[in-house]
Amino acid sequence: MKADPAAQQRLLELAKVDAELNRINHRRRTLPELERIGDAEREAREKRDAMVAAQTALDDLQREVERLENEVDQVRARQRRDREMMDSTGSSKQLEDLQHELETLSRREAALEEDMLEVMERREAQETDLSHSRKAVETADSRLEDARHQRDQALADLDSDEAKRLAERESLVAGLPEDLLNLYERIRNQRGTGAGHFQGGRCGACRLEVDRAALAAIRDAARDDVVRCEECGAIMVRTKDSGL
Ligand SMILES: [Zn+2]
């Protein structure tokens, strides 16, 4: 293939823009913010699980308090009923039985109250735990939000960078002969880099040195010949700096 040397030189500018576009795409996939988001998500999930567990433990203690309150109520109702019966009975046998039951009930009441005190202390401690847990969730959530915000910022920067490069690309492409551009695009799609500067005996795309035979062929080639690298297939663009 033949192409005007000036058009070939434009390929170098195009290759530079395309390398920049590749870099932008690579960076988009490998943003450090993405890892930070992953870490923050994991942490937020852990803190939320811990908060749910703390809430469940508190609910259990709350139910235990209610159960004890219920039992105390029952004991006290029984005590009231027994006292009323003592006031109204004439039987000394029944009086004695009631007296005995009231003593048992009062021991039971004391034991329940002691249990209640202990459970209420545990409930209070659990409430403190839960409130710490809630704060930890808030902190983790806001860290996650920050990380997402930073990612969005970084992506927006990359988007605007990309838009600029694409505009540059469009104007470069507009000035290129179609067959040369098609060749460049085909190589780029297959190999990643479509063209490189030939300099110091090396292909600018793969950085490999060409052998003597290839170098001789390049020297003999007409200025408008399109020369390609035998290693990577890229168009090797010759300029006055090529050292030929
Ligand atoms: Zn090469």
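In this text, all values refer to a predicted model and were calculated from it rather than measured experimentally. (Residues numbered from 1 in each chain as written. Predicted model: local features only at pLDDT ≥ 70, side-chain atom pairs only at ≥ 80, totals over all residues. Heavy atoms only, no water.)

*Asks:* Describe in detail the coordination of the zinc ion, supporting the description with residues and values.
*Replies:* Protein coordination at the zinc ion: the donors are Cys-203 (SG), Cys-206 (SG), Cys-229 (SG) and Cys-232 (SG), at 2.2 to 2.4 Å from the metal. Geometry at the zinc ion is tetrahedral, judged from the four donor atoms that bind it and their angles of 107 to 114° at the metal. All donors of the zinc ion come from a single chain, and their spacing in sequence reads C-x2-C-x22-C-x2-C. For the residue pair Cys-229 and Cys-232, the accessibility class agrees, reading buried in each case. (Donors = N, O, S within 2.8 Å, 3.2 Å for Na, K, Ca; no water. Tetrahedral: all angles 85-135°; square planar, octahedral: opposite > 155°, others 65-115°. Buried < 20%, exposed > 50% of the residue type's maximum accessible area, 1.4 Å probe, protein only.)

*Asks:* Tell me about the nonpolar core, residues and numbers included.
*Replies:* Core analysis: the largest hydrophobic core is formed by 19 residues, its most contacted members being Leu-11, Leu-14, Leu-176, Leu-180, Tyr-184 and Ile-235. Those elements that provide at least two residues to this core are helix 1 (5-29), helix 4 (178-191) and strand 2 (235-237). When residues in this core are grouped by element, the largest group, seven residues, is from helix 1. Within the second largest apolar cluster, 12 residues are counted, among which are Val-65, Leu-68, Leu-105 and Val-119. (Core = buried A, V, L, I, M, F, W, Y, C linked by side-chain atoms within 4.5 Å. Helix = DSSP H or I, 4+ residues; strand = E, 2+ residues; numbered from the N terminus.)

*Asks:* Just give me the short version of the pattern of salt bridges, but keep the residues and values in it.
*Replies:* Here the structure, examined in full by the defined rule, presents 28 salt bridges. A salt bridge links Asp-225 to Lys-2; its shortest N-O distance comes to 2.7 Å. Note that Asp-225 is positioned in the loop between helix 5 (212-220) and strand 2 and Lys-2 in the segment before helix 1, a separation of 223 residues in sequence. Where Arg-28 meets Asp-159, a salt bridge forms, and the shortest distance between an N and an O atom there is 2.9 Å. Linking Arg-28 in helix 1 with Asp-159 in helix 3 (residues 92-174), this pair joins segments that are 131 residues apart in sequence. Judged by its relative accessible area of 41%, Asp-159 falls in the partly exposed class. Here the salt bridges share partners, and the residues they tie into one network are Asp-18, Arg-169, Glu-185 and Arg-188. (Salt bridge = Lys/Arg side-chain N within 4 Å of Asp/Glu carboxyl O.)

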